[in-house]
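Reading the structure
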Amino acid sequence: HNGNTSGYFYIDVDGSGPIKPQLVFCNMTDVNTWMEIQHNNTELTKVRSSPGVNQHLVHFDYMSEEEQLLSIVDQSEHCQQELSYHCRKSRLLNTQEGSPFSWWLGGPGSGRVQTYWGGAHPDSQQCSCGLQGDCVDPQHYCNCDADRLEWSEDSGLLTHKASLPVRSLVLGDVQRPGSEAAYRVGPLRCHGDRNFWNAAFFNKETSYLHFPTFHGELSADISFFFKTTTSFGVFLENLGIKDFIRIELSSPTQVVFSFDVGNGPLEVRVDSSVRLNDNRWHRVRAERNVKEASLRVDELPVATQEAPADGHIHLQLNSQLFIGGTASRQRGFRGCIRSLQLNGVTLDLEERAKITPGVRPGCPGHCSSYGSLCQNQGRCVEKPNSFHCDCSSSAYTGVFCQTEVSASFKSGTSIVYVFKEPYELSRNRSDLPSSIYSDTIIGGENVSLSFRTTQSPALLLFIRSHYRGYLALLINQHDELELRYKLDSSIEAEVLRSSVRGLANGHLHTVTVRRRMDSVSVQVDHNNREEFNLTSDGEFSSMESLVLGQVQDADDLDPDLARLGSLGFTGCLSVVQFNSISPLKAALLHPSTSPVVISGPLVQSSCGSSASANPYAAENTHHLSDRAGSVGSGQPLVNAMKTDSALIGGVIAVVIFVIVTTLAITARFLYRRKETYQTQEVKGVKQEDSQDFPYNSQADPQNVSRESPKEFFI
């Protein structure tokens, strides 16, 4: 978990067919989605020497077709592979005469000999420590070359794509007495698509890029993305003596694909109901074959035009291919074009733009087009050729800040997010992250979270100040949401109750609380927002800590709140946010760098997903209504237990009465049958019983299945 997902799926990289399943894994982080290609041995493996054999040879078989494997490496923005060597009196690379003891083969086919190790540069005949200058013996460029009796290690990442993947290892110094070694070659890991963001920005109407003649005599398949604020412009043009092919934006709402193969010009048009010069990315796909031509823009209907039945079919071109302009330098395109493919071949617009006046590599302003993909307060951050979503201010994670962060709590689980002391803030304010101190004195707050529980009453969130003030969000004994404010230690806590009931039903509920001075609004799920007013409009000053789960230091709290806090919370909490702070996310994903203290069992799960089944329905969830004391309205908790017991007892009594009555009627009916048919009657009774038993036996498993915990595999 932790944002990582693995599973079986098919993927087609280059149109040659899908990679075999079971072998490719997807690993998702906040910024990148990694593709992992496994091979036959990714574990740390000890080298076993063989008598009379001076070298140990290891070959790695990748569980993917060769063509697809090379396509992944070629088209990915970045690839890497771990290469590790653990040694004890076993040298690795450097010998007195300069030839290495060991080497590896990597790259296309059977691979080429590589004499560097993980973390170093190609052809350097060094390891990572040699590059960094921190080897155990400064006279050598690898730790293992020190030839020590103690175990050493040379490890690092291979990132030069031309040398990937690793095909074989040849280990040489493993035969001497006392030599021991182990190796590990990790899976090939790649991310990004270098073609998808390969873009050029045309800032003048007279600017263009030129490429060799496009050869699409019998078929042409062209696709690209564009964004612009201008009303017209030619995306692509290639001329012949008479023949030509052209794609252009003819108006703010129309794209035209035109060509001539000797039968006269033919046009295919797509009209859009919305303007296409809105500075957002739009996709164009044009195709031409001997039978017809088609054009599609975004997800609009495909426009087609049939070719003449009798006529020329060869597109004969002889000039350069112009991108973003024309040979006449008229009606040139101003804006961005990216991911341009002609018959499956991606044109490297960026490399050509670097040497062309009036054209810049990359495209500015990706966030203006794709910023809306960053969800849940995620912030779009521009990169030179792409963008990414910064989820640091969001309670969510994932590539687009769309993945909920949830955890299962037990009664002893506690997360304490500690705010800095006031004197520490005044002394170190410039050195601390803003999320730690920015909310220490506030006249309002925003609180949001999702939960799933069958516990009632239950404390969902608790915030205390250094001056005995607090904010408590809880479910009271009536399954109502209750909010308690104590902004001033000199007055009693003010209690605000939502009218929404039945919150401890094991379903997922979402709560949003907003306060501005004395005005408080509360919304539960999709119900109407409820407005409240406090008698005090003071500031929530000098906050000390925020607690999720069990409140372990509750001596200074009101007795009933202290009792409730000490019992803890059993259930699921998800996407917890207090102003700019996400305490649950900090505890689960960044515990070592966040001011959090975690006690008791804390398990990250998908329990906060609205698609998840209720994982608590079958558990013996600790129900707090059998404890003495008062919460909420002040009624003894034991009364709630009595009410529930009376209701359950009544239902059981009714069921027993119906069963007994049915049996009595059946017995009387059987007794009155004729004695001459007693044998048949007995058989009939058995047949009737046999018809009843299947019904009863089916009912029991249904009841059991409702109460059995369900497992979901992604």
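Being a predicted model, the structure only gives us computed values, none of them experimental.

1. Remarks on the pattern of salt bridges
Going through the model one piece at a time under the given rule, you end up with 21 salt bridges. Residues arginine 88 and glutamate 180 are paired through a salt bridge, measuring 3.3 Å at the closest nitrogen-oxygen approach. In this pair, arginine 88 is assigned in strand E5 (residues 78-88) and glutamate 180 in strand E10 (residues 180-185), connecting sequence segments 92 residues apart. Exposure remark for arginine 88: the relative accessible area of 32% places this residue in the partly exposed category. A salt bridge links aspartate 390 to arginine 379, with the shortest nitrogen-to-oxygen separation between them at 3.0 Å. Of this pair, aspartate 390 sits in strand E27 (residues 387-390) while arginine 379 sits in strand E26 (residues 379-382); the two residues are eleven residues apart in sequence, bridging distant segments of the chain. With a relative accessible area of 21%, aspartate 390 lands in the partly exposed category. One network of salt bridges, with partners in common, ties together Lys89, Arg91, Asp147, Asp173 and Arg176.

2. Re the packing of aromatic side chains
Applying the stated criterion across every chain yields a total of 16 aromatic pairs. Ring centres of phenylalanine 196 and phenylalanine 225 lie 5.7 Å apart, and the angle between their planes is 65°; this geometry places the pair in the edge-to-face category. Of this pair, phenylalanine 196 sits in the loop between strand E11 (188-191) and strand E12 (199-202) while phenylalanine 225 sits in strand E14 (residues 220-227), placing them 29 residues apart in sequence. We classify phenylalanine 196 as partly exposed; its relative accessible area is 31%. You can call phenylalanine 225 buried: its relative accessible area is 14%. Seen in terms of ring centroids, phenylalanine 257 and phenylalanine 259 are 5.3 Å apart; in terms of plane orientation they differ by 40°. Their pairing is tilted. An aromatic cluster is defined as three or more aromatic residues linked by ring pairs; in this entry it consists of Phe202, Phe224, Phe226, Phe235 and Phe333. Over the ring of tryptophan 281 we find arginine 338, and its NZ or CZ is 4.5 Å from the ring centre. The positively charged end of arginine 352 is found above the aromatic ring belonging to phenylalanine 211, 4.5 Å away from the centroid.

3. Some remarks on the confidence of the model for the chain
Here the chain averages 79 in pLDDT, and 77% of its residues register 70 or above. Scored below 50 in pLDDT, residues 422-441 shows 30 contacts in the model against residues more than four places distant or in partner chains. For residues 613-647, every residue scores under 50 in pLDDT, and the model assigns this stretch 64 contacts once sequence neighbours within four places are set aside.

4. Examining the sheet that holds strand E33 (residues 470-475)
Spatial strand order, E35-E34-E33-E32-E40-E29-E42: seven strands in an open sheet with antiparallel pairing. Each edge of the open sheet carries a strand with a single partner, namely strand E35 (494-497) and strand E42 (596-599). Looking at each pair of strands side by side, their axes are set apart by 15° on average, direction ignored. As paired strands, strand E32 (residues 458-465) and strand E40 (residues 543-549) are joined by four bridges and run antiparallel to one another. Bridge assignment links isoleucine 463 to a residue of E40, and that residue is leucine 546. Where helix H7 (residues 559-567) meets the sheet, it contacts E32, E33, strand E34 (481-486) and E40, and its direction lies at approximately 115° from that of E32.

5. Focus on the environment of cysteine 79
Inspection of the secondary structure puts cysteine 79 in strand E5. Relative accessible area serves as the criterion here: at 0%, cysteine 79 is assigned to the buried category. Distance in space between the C-alpha atoms of cysteine 79 and threonine 159 is 5.9 Å, their sequence separation being 80 residues.

6. Brief notes about H7
Within H7, the full set of buried residues consists of Leu561, Ala562, Leu564, Gly565 and Leu567. Buried positions along H7 lie against E32, E33, E34 and E40. Within two residues after H7, glycine 568 carries a phi angle of roughly 80°, on the positive side.

7. Some details on the state of the cysteines
Scanning the model with the defined rule gives eight disulfides in all. In this model, cysteine 79 is linked to cysteine 190 through a disulfide, with the two sulfur atoms separated by 2.1 Å. Classification of the bridge connecting cysteine 79 and cysteine 190 rests on its S-S torsion, roughly 110°, and on that basis the disulfide is right-handed. Of the two residues, cysteine 79 is situated in strand E5 and cysteine 190 in strand E11; the sequence distance between them amounts to 111 residues.

8. Points about the sheet that holds strand E16 (residues 244-251)
On the basis of which strands lie adjacent, the open sheet formed by six strands has the order E13-E22-E15-E16-E17-E18 and antiparallel pairing. The open sheet has two free edges, formed respectively by strand E13 (209-211) and strand E18 (266-271), since each of these has just one partner strand. Mean inter-strand twist for the sheet, computed between neighbouring axes without regard to direction, equals 15°. Alignment of E16 against strand E17 (residues 254-260), held across seven bridges, turns out to be antiparallel. The residue bridging phenylalanine 244 from the neighbouring strand is aspartate 260, located in E17.

9. Focus on a nonpolar patch on the surface
On the surface, Leu218, Val290 and Ile313 cluster together into a nonpolar patch covering about 220 Å² of accessible area. Its relative accessible area of 34% is what places isoleucine 313 among the partly exposed residues.

10. What to know about the environment of lysine 486
Position of lysine 486 among the secondary structure elements: in strand E34. Judged by relative accessible area, lysine 486 falls into the buried class, the value being 11%. Distance from lysine 486 to serine 465, taken between C-alpha atoms, is 9.7 Å for residues 21 residues apart in sequence. Those residues in contact with lysine 486 that lie beyond four places of it in its chain are Arg468, Gly469, Tyr470, Ile491, Ala493 and Asp558.

Reading guide: rules and limits
- Residues numbered from 1 in each chain as written.
- Predicted model: local features only at pLDDT ≥ 70, side-chain atom pairs only at ≥ 80, totals over all residues.
- Heavy atoms only, no water.
- Salt bridge = Lys/Arg side-chain N within 4 Å of Asp/Glu carboxyl O.
- Helix = DSSP H or I, 4+ residues; strand = E, 2+ residues; numbered from the N terminus.
- Buried < 20%, exposed > 50% of the residue type's maximum accessible area, 1.4 Å probe, protein only.
- Phe/Tyr/Trp six-rings, centres within 6.5 Å; stacked < 30°, edge-to-face > 60°.
- Lys NZ or Arg CZ within 6 Å of the ring centre and 35° of its normal.
- pLDDT = per-residue confidence, 0-100.
- Contact = heavy atoms within 4.5 Å.
- Pairing = 2+ DSSP bridges.
- Axes fitted to C-alpha atoms, helices over the stretch in contact; angles between N-to-C directions.
- Disulfide = S-S within 2.5 Å.
- Patch = residues over 30% accessible without salt bridge, like charges linked within 9 Å, V, L, I, M, F, W, Y side chains within 5 Å.
- Areas by Shrake-Rupley, 256 points an atom, 1.4 Å probe, with all protein chains shown as cover.

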